[in-house]
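Next come the chains, spelled out residue by residue.
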Protein chains: 2
Amino acid sequence: MYTIGQVSQMFNIPISTLRYYDKEGFFPNLKRSSGIRRFGEQDIEALKVIECLKESGLELKDVKQFIKWATKGSSTYKNRKELFEKRKIAVEQEIKKLQKTLNILEYKCWYYDKAIKDGTEDKIYKMLPNKLPTRIQKLYNSFH
Amino acid sequence: MYTIGQVSQMFNIPISTLRYYDKEGFFPNLKRSSGIRRFGEQDIEALKVIECLKESGLELKDVKQFIKWATKGSSTYKNRKELFEKRKIAVEQEIKKLQKTLNILEYKCWYYDKAIKDGTEDKIYKMLPNKLPTRIQKLYNSFH
DNA sequence: CATTGACATAAAGTTAGGTTTAGGTATTAA
DNA sequence: TTAATACCTAAACCTAACTTTATGTCAATG
C-alpha cells in the first residue's frame, strides 16, 4: 500500500494529477484509511494502464471507456480493437498533415536563408521557377 | 472593399473568427464606415498571411510576431528564419513522437485482432516472443 | 507548544483559439 | 410598417487535462 506521495514519486506524476484521476473515477477500488488514500496493487495497475493508453495518444475519456470495456471481458475485444483502429487512422492523418507542414517550413527556411544571403527578398520573386532547387519547386508553385 | 460577410465567404472563415482576429489586432489598417468593417487589399493580404502561417503550424502569437518583423523590413530576415527553424524542429519531433505512438497502436491492433481470432487473450501471454510476427517483436518486448 | 510536512477538499484558474449569447443598430423588401 | 438581413458589441462559454489557491486536519519533531 502506498500513499499518494509515494505513488507520485514512483511514477513521476504530480500529486495533483493523481487526485484529479481519482476524482475522475480512474481508481474505482481505491481505499482510504482515515481519509487518506491508500494505493494498492489494483490502483497501481490502473495507473499503468492510464499511462500506457495515454502513450498511444488516447484521450482520458477514451481511456475511461477502454477500462470499462476491459472489465467486461472478452466480449468487448472488438470494441477495444475498433478504438485503437480509429486512433491509428487519426494518427496517420496527423502525421500526413505534419509532413505537409514540414514542407511549408522547409520552403520558408530556404526562402529566408536566401533572403539573408541576398540581403533582399526581391531576387527570389524574380527567380524563374525552374532555377529553384528541385526540392523547392513544387512548394514554390503552391505559394505563388 | 469587402464586408465581413463577403470575406467570410471568400475565405470560408466564420465571421466570428474574423472579428476575433480583428480584436486581436491582426488588421491594423482595417477601416470602418459608420461602424461597419471594410476590408481592403491590405486586410485581405494580412488574412492570407495568417492563413499561410497557420498552415505551417505557427500559433497566433507567433504569427503576430512575424507580422511585426515583416513590417520592419529586411533587418528581420534572421528573426523570421529562426522562427521557422524552431518550428521545423518542433514539427520534426512531433512527427517522431507520433510515429512511436503509431507503433504502439499497431501492436494494440495486432493484439486485439489475435484476441478476437483466439477468443481469448490468454494465448498471447503464453506465446514465446520469437513466435511473434517480426514487426511486433520489438513492441512486445517493450510492453512485457 | 509550536511548527513543519504530508495529507485532504472545493473551487477557481490556466491555455489557445475560437464560438455563442444577449442585446442593439441600420438597411431594404413586401 | 413590419419583417428579414446584415452588421455591431461585450461578455460568457467551450474543450482538455490539469494546476493553483485557500483552507483545514493530523502526526511527529524540536
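Look a little higher up for the structure.
Report on the accompanying structure.

Each value, and the rule that gives it
- Residues numbered from 1 in each chain as written.
- Chains lettered and ligands numbered in written order.
- Predicted model: local features only at pLDDT ≥ 70, side-chain atom pairs only at ≥ 80, totals over all residues.
- Helix = DSSP H or I, 4+ residues; strand = E, 2+ residues; numbered from the N terminus.
- Buried ≥ 20, exposed ≤ 12 C-beta atoms within 10 Å, placed from the backbone.
- Contact = placed C-beta atoms within 7 Å.
- Nonpolar A, V, L, I, M, F, W, Y, C, P; charged D, E, K, R; others polar.
- Near = placed C-beta within 6 Å.
- Least-squares fit on C-alpha atoms with pLDDT ≥ 70 in both.
- Expected span 1.5 Å × (residues − 1).
- Arc of directions from axis to C-beta.
- Axes fitted to C-alpha atoms, helices over the stretch in contact; angles between N-to-C directions.
- Parallel < 35°, antiparallel > 145°, perpendicular 65-115°, else oblique.
- Left-handed = near helix turned anticlockwise from the far one by under 90°.

**Some details on the overall build of chain A**
Line of reasoning, step 1. Across its full length, chain A carries seven helices and two strands.
Line of reasoning, step 2. The order of α-helices and β-strands along chain A, N terminus first, is α-α-β-β-α-α-α-α-α.
Line of reasoning, step 3. Taking the principal axes of its C-alpha atoms as reference, chain A extends roughly 75 × 35 × 20 Å.
Line of reasoning, step 4. Across the 144 residues that make up chain A, the buried fraction comes to 16%.

**Thoughts on the interface of chain A and chain B**
Line of reasoning, step 1. Counting from both sides, the interface comprises 30 residues of chain A and, opposite them, 30 residues of chain B.
Line of reasoning, step 2. With 24 residues, the single largest contributor to the side of chain A that touches chain B is helix α5 (residues 77–118) of chain A.
Line of reasoning, step 3. Classifying every residue of the side of chain A that touches chain B by side-chain character gives 12 nonpolar, seven polar and 11 charged.

**Some words on the protein's contact with DNA strand D**
Line of reasoning, step 1. Close to DNA strand D lie 14 residues; A:S16, A:E59, B:T3, B:G5 and B:R37 are nearest.
Line of reasoning, step 2. Sorting the residues of the surface near DNA strand D by element identifies α2 (15–23) and α4 (60–72) of chain A together with α1 (4–11) and β2 (36–38) of chain B as the ones contributing at least two each.
Line of reasoning, step 3. Classifying every residue of the surface near DNA strand D by side-chain character gives five nonpolar, five polar and four charged.

**Describing the protein's contact with DNA strand C**
Line of reasoning, step 1. As a structural note, the neighbourhood of DNA strand C is formed by 14 residues, with A:T3, A:G5, A:R37, B:S16 and B:E59 the closest of them.
Line of reasoning, step 2. Those elements that provide at least two residues to the surface near DNA strand C are α1 (4–11) and β2 (36–38) of chain A together with α2 (15–23) and α4 (60–72) of chain B.
Line of reasoning, step 3. In terms of residue count, the dominant contributor to the surface near DNA strand C is α2(B) (three residues).

**Considering the relation of the copies chain A and chain B**
Line of reasoning, step 1. Screw-axis analysis of chain A against chain B gives a translation of 0.0 Å along the axis, an RMSD of 0.1 Å, and a rotation angle of 180°. The superposition of one copy onto the other is thereby described by a two-fold rotation axis. Closest approach to the rotation axis among the C-alpha atoms of chain A is made by A:I95, whose C-alpha sits 3.0 Å away.

**Here's the deal with unusual backbone geometry**
All names here are of chain A.
Line of reasoning, step 1. Backbone geometry places N12, a non-glycine residue, at a positive phi of 55°.
Line of reasoning, step 2. Since 6 C-beta atoms lie within 10 Å of it, N12 is described here as exposed.
Line of reasoning, step 3. Despite not being glycine, S34 has its phi angle at roughly 45°, a positive value.
Line of reasoning, step 4. The exposed category is assigned to S34, around which 4 C-beta atoms lie within 10 Å.

**Considerations on helix α3 (residues 41–55) of chain B**
All names here are of chain B.
Line of reasoning, step 1. Relative to the 21 Å expected for 15 residues at 1.5 Å per residue, α3 spans 21 Å between its end C-alpha atoms, a close match to the ideal helical length.
Line of reasoning, step 2. Taken residue by residue, α3 has D43, A46, I50 and L53 as its buried positions. One side of α3 holds all its buried residues, which, seen down the axis, span an arc of 90°. In α3, the exposed positions that point more than 90 degrees away from the buried face belong to E41, E45, K48 and E51.
Line of reasoning, step 3. Residues of α3 that are buried sit in contact with α2 and α4.
Line of reasoning, step 4. Just past α3, the residue G57 takes up positive phi, approximately 80°.

**Observations concerning the packing of α5(A) against helix α5 (residues 77–118) of chain B**
Line of reasoning, step 1. Following both chains from N to C, one finds α5(A) and α5(B) inclined at 160°, their axes separated by 7 Å at the closest point. What the angle tells us is that α5(A) and α5(B) run roughly antiparallel. Crossing of α5(A) over α5(B) shows left-handed handedness.
Line of reasoning, step 2. Of the residues belonging to the contact of α5(A) with α5(B), the class tally is 22 nonpolar, four polar and 20 charged.

**Section: the environment of A:L105**
Line of reasoning, step 1. Locating A:L105 in the fold gives a position in helix α5.
Line of reasoning, step 2. Measuring from C-alpha to C-alpha, the distance between A:L105 and A:K72 comes to 47 Å, with 33 residues separating the pair along the chain.
Line of reasoning, step 3. Look past the residues within four positions of A:L105 in its chain and what remains in contact with it is B:S56, B:F84, B:R87, B:K88 and B:V91.

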